[in-house]
Amino acid sequence: MGYQYQYVRVEFGGGAFFGNQSAEHRKVIDQYAADGWRYVGWVPVTFTSHGGVESADLVFEKPAEQAE
């Protein structure tokens, strides 16, 4: 049995003073879970000049035979 993966980019802001107040990542996880995808992790994609995570890909999976 194989898996299909979906990657969704979210913006975090990355700063100590400018965080992710919108909680966009929670909405995305809930939406994908409702469609049968399982959240499996995240991968940092871009960073600020101070080393904070600016954006990341949320990773979702589902068995290949269930994926659309």
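K.L.:
Would you explain the nonpolar core in this entry?
P.N.:
Nonpolar side chains in soluble globular proteins tend to be buried together. Within the largest apolar cluster, eight residues are counted, these being Val8, Val10, Phe12, Val28, Trp37, Ala56, Leu58 and Phe60. Elements represented by at least two residues in this core include exactly strand 1 (3-11) and strand 3 (53-63). A per-element tally of this core places strand 3 first, with three residues.

K.L.:
What exactly am I supposed to notice about the sheet that holds strand 2 (residues 38-47) here?
P.N.:
Two pairing modes exist for strands in a sheet, parallel and antiparallel, and in both the strands are linked by backbone hydrogen bonds. Pairing is antiparallel across the open sheet formed by three strands, whose spatial order is 1-3-2. Each end of this open sheet is capped by a strand with a single partner; those strands are strand 1 and strand 2. Here the average twist between neighbouring strands, direction ignored, is 25 degrees. Lying over the sheet, helix 1 (residues 24-34) contacts strand 1, strand 2 and strand 3, oriented at roughly 155 degrees with respect to strand 1.

K.L.:
How do you make sense of the packing of aromatic side chains when you look at a structure like this?
P.N.:
Within a pair of aromatic rings, the relevant descriptors are the distance that separates the centres and the angle that separates the planes. With the rule as written, the count across this model stands at two aromatic pairs. On the numbers, 4.6 Å between centres and 20 degrees between planes, the contact of Tyr32 with Phe60 is stacked. Within this pair, whereas Tyr32 is found in helix 1, its partner Phe60 is found in strand 3, the two being separated by 28 residues in sequence. Residue Tyr32 is classed as partly exposed on the basis of its relative accessible area of 21%. Residue classification places Phe60 among the buried positions, given a relative accessible area of 0%. Ring centres of Tyr39 and Phe60 lie 5.9 Å apart, and the angle between their planes is 65 degrees; this geometry places the pair in the edge-to-face category. With Tyr39 in strand 2 and Phe60 in strand 3, the pair connects residues that are 21 residues apart, well separated along the chain. Site record: aromatic cluster; members linked through ring pairs are Tyr32, Tyr39 and Phe60.

Criteria and thresholds
- Residues numbered from 1 in each chain as written.
- Predicted model: local features only at pLDDT ≥ 70, side-chain atom pairs only at ≥ 80, totals over all residues.
- Heavy atoms only, no water.
- Core = buried A, V, L, I, M, F, W, Y, C linked by side-chain atoms within 4.5 Å.
- Buried < 20%, exposed > 50% of the residue type's maximum accessible area, 1.4 Å probe, protein only.
- Helix = DSSP H or I, 4+ residues; strand = E, 2+ residues; numbered from the N terminus.
- Pairing = 2+ DSSP bridges.
- Axes fitted to C-alpha atoms, helices over the stretch in contact; angles between N-to-C directions.
- Contact = heavy atoms within 4.5 Å.
- Phe/Tyr/Trp six-rings, centres within 6.5 Å; stacked < 30°, edge-to-face > 60°.

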